[in-house]
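The residues making up each chain are set out below.
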Amino acid sequence: MQSRTRNLPLVLLGLALAASAALLLWLSRDFTFFQDTWAFLMHRQDNSLDSFLVPHNEHIVFFSVAIEKLLVDVFGMTSALPERVTMVLLLALVGALLFVYVRRRLGPWPALMAALLLLFLGSAWPVLLWPFEDLFVGSVACGIGMLLALERDDARGDAVACLLLIFCFGFSTLGVCFALAAAVDVAIKRRRRGLARAYLFVVPGLLFLAWYAGWGHDAESHLSLANMLRSPPYVLEGFASALGAISGLSTTTTNLTESHPPEWGRLLLVVAIGLVVWGQRRRPGFSPQLWPVLAAALSYWLLAGFNFIPGREAASSRYIYVGVVLLLLVAVELLRGVHFGRRALWAGAALTVLAIAPNLVQLRTGRDWLAEQTVITRSDLAAMEIARDTIAPEFALSPEVAGTGSLIDVNAESYFEATEAHGSPAYSEAELVAATPTGRYWADVVLARALPIALETRPGFRLGETAACLPVWKRRSPTIPIGDGGPTRIAIAPGPPAEIFLRRFADPGQYPVVVGNVPGNSIALLRVPADRSPRPWKLHVEAGQRAWVCG
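Below is a summary of the structure that appears in this document.

Cut-offs and rules
Residues numbered from 1 in each chain as written. Predicted model: local features only at pLDDT ≥ 70, side-chain atom pairs only at ≥ 80, totals over all residues. Heavy atoms only, no water. Phe/Tyr/Trp six-rings, centres within 6.5 Å; stacked < 30°, edge-to-face > 60°. Helix = DSSP H or I, 4+ residues; strand = E, 2+ residues; numbered from the N terminus. Buried < 20%, exposed > 50% of the residue type's maximum accessible area, 1.4 Å probe, protein only. Lys NZ or Arg CZ within 6 Å of the ring centre and 35° of its normal. Axes fitted to C-alpha atoms, helices over the stretch in contact; angles between N-to-C directions. Parallel < 35°, antiparallel > 145°, perpendicular 65-115°, else oblique. Left-handed = near helix turned anticlockwise from the far one by under 90°. Contact = heavy atoms within 4.5 Å. Nonpolar A, V, L, I, M, F, W, Y, C, P; charged D, E, K, R; others polar. Patch = residues over 30% accessible without salt bridge, like charges linked within 9 Å, V, L, I, M, F, W, Y side chains within 5 Å. Areas by Shrake-Rupley, 256 points an atom, 1.4 Å probe, with all protein chains shown as cover. Salt bridge = Lys/Arg side-chain N within 4 Å of Asp/Glu carboxyl O. 1 Å grid on protein atoms, 1.4 Å probe; cavity = no way out; pocket = protein on both sides within 12 Å on 5 of 7 lines; lining within 4 Å. Points joined across faces, edges and corners; volume = space filled by probe spheres on them. Expected span 1.5 Å × (residues − 1). Pairing = 2+ DSSP bridges.

Quick word on the packing of aromatic side chains
Part 1: Applying the stated criterion to the full structure yields 18 aromatic pairs.
Part 2: Residues Phe-34 and Trp-369 carry aromatic rings whose centres are separated by 5.7 Å and whose planes lie at 85 degrees to one another, so their mutual orientation is edge-to-face. One end of the pair, Phe-34, is in the loop between helix H1 (2–27) and helix H2 (37–43); the other, Trp-369, is in helix H18 (residues 342–386), and 335 residues separate them in sequence.
Part 3: Owing to a relative accessible area of 6%, Phe-34 belongs among the buried residues under this scheme.
Part 4: By the ring-pair criterion, three or more aromatic residues cluster together here, those being Phe-34, Phe-40, Trp-125, Trp-130, Phe-132 and Trp-369.
Part 5: In this structure, Arg-29 is placed above the aromatic ring of Trp-26, and the distance from its NZ or CZ to the ring centre is 4.4 Å.
Part 6: Lys-69 extends its terminal NZ or CZ atom over the ring of Phe-52, reaching a point 5.7 Å from the ring centre.

Listed below in structure tokens is the structure:
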């Protein structure tokens, strides 16, 4: 019986890992590639050193690029499921490593609670639902593994820690924070074990400097004296945001570039600081292992503050995941040696459930936003493929054309090169017809630009020219056949300018394509190149006088 009770936290951890993986895969079941992932797919298609080592923003992304390339080479680009499965496994690994770390200090039940809070951290929904964030999750997994290896306190543990730190750097420059943690560990143990073991952070550090000299120095940087002076409040805001998230009281948004001040988190931070002061008065002294993880946490928020630009606020949901992990590591070291009785454990379990519930709501809200982005993405790509015969190689899905800022890295030449090698993630035409109104609306906009649709106007209107034409003044829009790509004439009687609109996949009443104005007493030639879809366009003419469509 005691053996079953002792193993129960492990059993529940396994169930939690499986439940988290199933939930994340179900929520992201229809997702395609998103935002920065397109930079890898479009601009790192070859296997040169530059493809692996050119920084993304200011980060090393060697392993993230390698993983994406491997998955695309093996499974193709038709589905993003393989990268989502890989991400779910990484998240589960971090949850399991956190459990081990906490269990060694506080026991299995607090370890289970910490793992649950992280596995269902809906406040960090971009990390849980967006596989591109594997660059941070991979670094965190290697970082926690490094800290666990250092606990062996022997040469073999140091060697493993060194290797894991190299991998940590290979995922992202978050490795700097864990390298500082390793340096602090070496400094603490220098009298007992000497400084020769400094190699465990020096070797990864030298590799990082070599990368920086070769590629990293070209990365965009926002380091400034002003940011450095403003960094202390940023650090406090970071800890407050992590506290708000882990408690379920955060107010993160579904916009990656917006955030709300962590009102509840600030209050919780004041309470947490008060509890630490109170605890030190009762039992002075800190665990030596506190200083490495505290160094990692402080440096994480400091470096983020040093490189701050609007959209990178400490409360941004993209930064919450790493912040929560580091906060938990610090909290565990502060609580090391505390014995939790049965009542305390039940209270902790209740608080964990209360914190997870609102996090699940935020996770679902983030899923809805990403699902909409998926529809727009696949619709826009379908439009490009329909227009493939006439689209310019340099055509790009800028935000005003695509309806989203998530496709700025996609241009026609790179996209078709990638799809020829690995398949297409776009909707088929049948799927596009069945897509949401938002997706079909933006598909029309992309099509009009990609074909492209052109309007030419000449002055002079003669009633005799409209004998075989269809009058459209105050009529419903007729269908324009475009199979042969021939021009369509639009005759406008004398009067004010008329406006010409088109739709193809959009709902009736919606005309996403604003073709242009045609002056009164003139004839316009509307040229719509032939493409790969038999579906007709529909024309809408807004005119205060008589108008005809010919052809």
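Describing the packing of helix H10 (residues 175–188) against helix H16 (residues 290–306)
Part 1: Between H10 and H16, the least distance of the axes is 8 Å, while the angle of their chain directions is 150 degrees. What the angle tells us is that H10 and H16 run roughly antiparallel. Crossing angle aside, the handedness with which H10 passes H16 is right-handed. The segment H10 lies against H16, with Val-176, Cys-177, Leu-180, Ala-181, Val-184, Asp-185 and Ile-188 engaging Trp-291, Pro-292, Ala-295, Ala-296, Ser-299, Tyr-300 and Leu-303.
Part 2: Per-class residue counts for the contact of H10 with H16 are 12 nonpolar, 1 polar and 1 charged.

Thoughts on a nonpolar patch on the surface
Part 1: Together, Ile-188, Val-276, Phe-286, Trp-291, Leu-334, Leu-335 and Val-338 line one region of the surface with nonpolar side chains, adding up to about 510 Å² of accessible area.
Part 2: Counting through the fold element by element, Trp-291 comes out in helix H16.
Part 3: Taking the relative accessible area as the measure of exposure, Trp-291 reaches 38% and is therefore partly exposed.

Brief notes about empty space enclosed by the protein
Part 1: Using the criterion set out here, one finds 9 cavities of 30 Å³ or more in the structure.
Part 2: Of the voids in this model, the largest cavity is the one considered here, and its volume is about 90 Å³.
Part 3: Lining the largest cavity we find 13 residues, and of these Phe-31, Thr-32, Phe-34, Leu-129 and Pro-131 sit closest to its centre.
Part 4: Looking at the lining of the largest cavity, the elements that each hand over two or more residues are helix H5 (81–106) and H18.
Part 5: Of the residues contributing to the lining of the largest cavity, the split by class is 8 nonpolar, 3 polar and 2 charged.

Looking at H5
Part 1: Counted at 1.5 Å a residue, the expected span for H5 with its 26 residues is 38 Å, and the 37 Å between its end C-alpha atoms agrees.
Part 2: Downstream of H5 by a residue or two, Gly-107 has a phi angle that is positive, lying close to 105 degrees.

A look at the environment of Leu-12
Part 1: Relative to the elements of secondary structure, Leu-12 occurs in helix H1.
Part 2: Distance from Leu-12 to Leu-112, taken between C-alpha atoms, is 7.7 Å for residues 100 residues apart in sequence.

Details of the pairing of strand E7 (residues 522–527)
Part 1: In the sheet, strand E1 (residues 454–459) pairs with E7 via 6 bridges, with the strands oriented antiparallel. Of the residues in E7, the one forming a bridge with Ala-454 is Arg-527.
Part 2: Judged from the 6 bridges that link them, strand E4 (residues 487–492) and E7 form a sheet pairing that is antiparallel. Bridge assignment links Arg-489 to a residue of E7, and that residue is Leu-525.

Digging into the environment of Val-325
Part 1: Within the element layout of this structure, Val-325 appears in helix H17 (residues 317–335).
Part 2: On the accessibility criterion, Val-325 (1% relative accessible area) is buried.
Part 3: When residues no more than four places from it in sequence are discounted, the contact partners of Val-325 are Leu-118, Val-140 and Ile-144.

A short note on the sheet that holds E4
Part 1: Pairing is antiparallel in the open sheet, where 5 strands are placed in the order E1-E7-E4-E9-E2. The sheet is open, and its two borders are formed by E1 and strand E2 (470–471), each paired with just one other strand.

A few points about the layout of surface pockets
Part 1: Of the voids in this model, the second largest pocket is the one considered here, and its volume is about 1200 Å³.
Part 2: Elements with a minimum of two residues in the lining of the second largest pocket: helix H8 (134–150), H10, helix H12 (199–214), H16 and H17.
Part 3: Ranked by residue count, the leading element in the lining of the second largest pocket is H12, at 5 residues.
Part 4: Here the residues of the lining of the second largest pocket sort into 25 nonpolar, 16 polar and 6 charged.

Some remarks on the pattern of salt bridges
Part 1: For the structure on display, the rule yields 24 salt bridges.
Part 2: In this structure, Asp-30 and Arg-367 form a salt bridge, with 3.4 Å as the shortest nitrogen-oxygen distance. Highlighted residues: Asp-30 in the loop between H1 and H2 and Arg-367 in helix H18, separated in sequence by 337 residues.
Part 3: One salt bridge in this structure joins Arg-105 and Glu-333, with 2.5 Å as the shortest N-O distance. With Arg-105 in helix H5 and Glu-333 in helix H17, this residue pair connects regions lying 228 residues apart in the sequence. There is no split in this pair, since Arg-105 and Glu-333 are both buried.

Brief notes about the pairing of strand E9 (residues 547–550)
Part 1: By the alternation rule, side chains of E9 split into Ala-547 and Val-549 and Trp-548 and Cys-550, which are all buried.
Part 2: In the sheet, E2 pairs with E9 via 2 bridges, with the strands oriented antiparallel. Paired with Leu-470 across the two strands is Val-549, which belongs to E9.
Part 3: The pairing of E4 with E9 spans 4 bridges and is classified as antiparallel. Pairing of Ile-490 across the sheet is with Val-549, part of E9.

Describing unusual backbone geometry
Part 1: Across the junction of Leu-451 and Pro-452, the peptide omega takes the value -15 degrees, indicating a cis bond.
Part 2: Tracing the backbone through its elements, the reader meets Pro-452 in the loop between helix H22 (437–450) and E1.
Part 3: Positive phi, close to 45 degrees, is recorded for Gln-35, a residue that is not glycine.
Part 4: If you check the backbone angles, Asp-153 has positive phi at about 60 degrees while not being a glycine.
Part 5: Along the chain, Asp-153 falls in the loop between H8 and helix H9 (155–171).

Observations regarding the packing of H9 against H10
Part 1: Two elements in contact, H9 and H10, have axes whose closest approach is 8 Å; the angle formed by their N-to-C orientations is 155 degrees. By the criterion of interaxial angle, the relationship of H9 to H10 is roughly antiparallel. Of the residues in H10, those touching H9 at Leu-165, Cys-168 and Phe-169 are Gly-175, Val-176, Phe-178, Ala-179 and Ala-182.
Part 2: Broken down by class, the residue content of the contact of H9 with H10 amounts to 7 nonpolar, 1 polar and no charged.

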